[in-house]
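Tertiary structure, described
So the chains spell out like this:
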Amino acid sequence: MTKEELVNLQKYLQAKFGNPQLLVKARPKKTDSAEVYLGEEFIGVLYLDEDEGERSFNFQMAILDIDLDEVAG
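The text that follows walks through the structure, step by step, so that each part is easy to find. (Residues numbered from 1 in each chain as written. Predicted model: local features only at pLDDT ≥ 70, side-chain atom pairs only at ≥ 80, totals over all residues. Heavy atoms only, no water.)

Comments concerning the overall build of the chain
This is how the line gets drawn: Runs of E in the DSSP output that reach at least two residues are strands. Runs of H or I that reach at least four are helices, and both are numbered from the N terminus. Each residue is placed in one exposure class: buried if its accessible area under a 1.4 Å probe, protein chains only, is under 20% of its type's maximum, exposed if it is over 50%, and partly exposed if it falls in between. Here a residue-residue contact requires only that any non-hydrogen atoms of the pair lie within 4.5 Å.
What the chain contains, in helices and strands, is two helices and four strands. Taken along the three principal axes of its C-alpha coordinates, the chain extends 45 × 25 × 20 Å. The 73 residues of the chain split such that 26% are buried. Long-range contacts, defined here as pairs at least 24 residues apart, represent 16% of the contacts in the chain between residues at least 6 apart.

Okay, structure coming up:
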């Protein structure tokens, strides 16, 4: 991913989720993915998918069952 794509992806996620705390950071030694943070907390990975010259991005976020305990009422 290019630096410009990382910036644009961060702006997109911030606007889509209404949260300026979302950050997109390059991964060391990886050019096909980036890390997504909410503040200081790692929340997922953005993967680059290239097919026949077209580029798309997939966001993958794992939610552990113990994470759900925090919001269960």
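Let's talk about the sheet that holds strand 1 (residues 22-26)
Applied cut-off: Any two strands between which DSSP finds at least two bridges are classified as paired. A fitted line through C-alpha atoms serves as each axis, taken over the contacting stretch for helices, and the angle formed by two N-to-C directions is quoted from 0 to 180°.
Across the sheet, four strands lie side by side as 1-2-3-4; this open sheet has antiparallel pairing. Whereas interior strands pair on both sides, the edge strands pair on one side only; in this sheet they are strand 1 and strand 4 (54-60). On average, each strand axis in the sheet is tilted by 30° relative to the strand beside it, whichever way the strands run. Where strand 3 (residues 41-51) lies against strand 4, seven bridges are found, and the strand directions are antiparallel. Within strand 4, the residue paired with Y47 across the bridge is N58. Contacts between helix 1 (residues 3-17) and the sheet are confined to strand 1, strand 2 (33-38), strand 3 and strand 4, with strand 1 contributing the most and set at about 160° to the helix.

Overview of the pattern of salt bridges
For clarity, the threshold we go by: Between Lys or Arg on one side and Asp or Glu on the other, a salt bridge is scored when a side-chain nitrogen of the former is within 4 Å of a carboxyl oxygen of the latter.
In this structure the tally under the stated criterion is two salt bridges. Here R55 and E50 are joined by a salt bridge, their closest N and O atoms 2.8 Å apart. With relative accessibility at 37%, the residue R55 sits in the partly exposed group. Residue classification places E50 among the exposed positions, given a relative accessible area of 53%. Residues joined in a network through salt bridges with shared partners are E5, E50 and R55.

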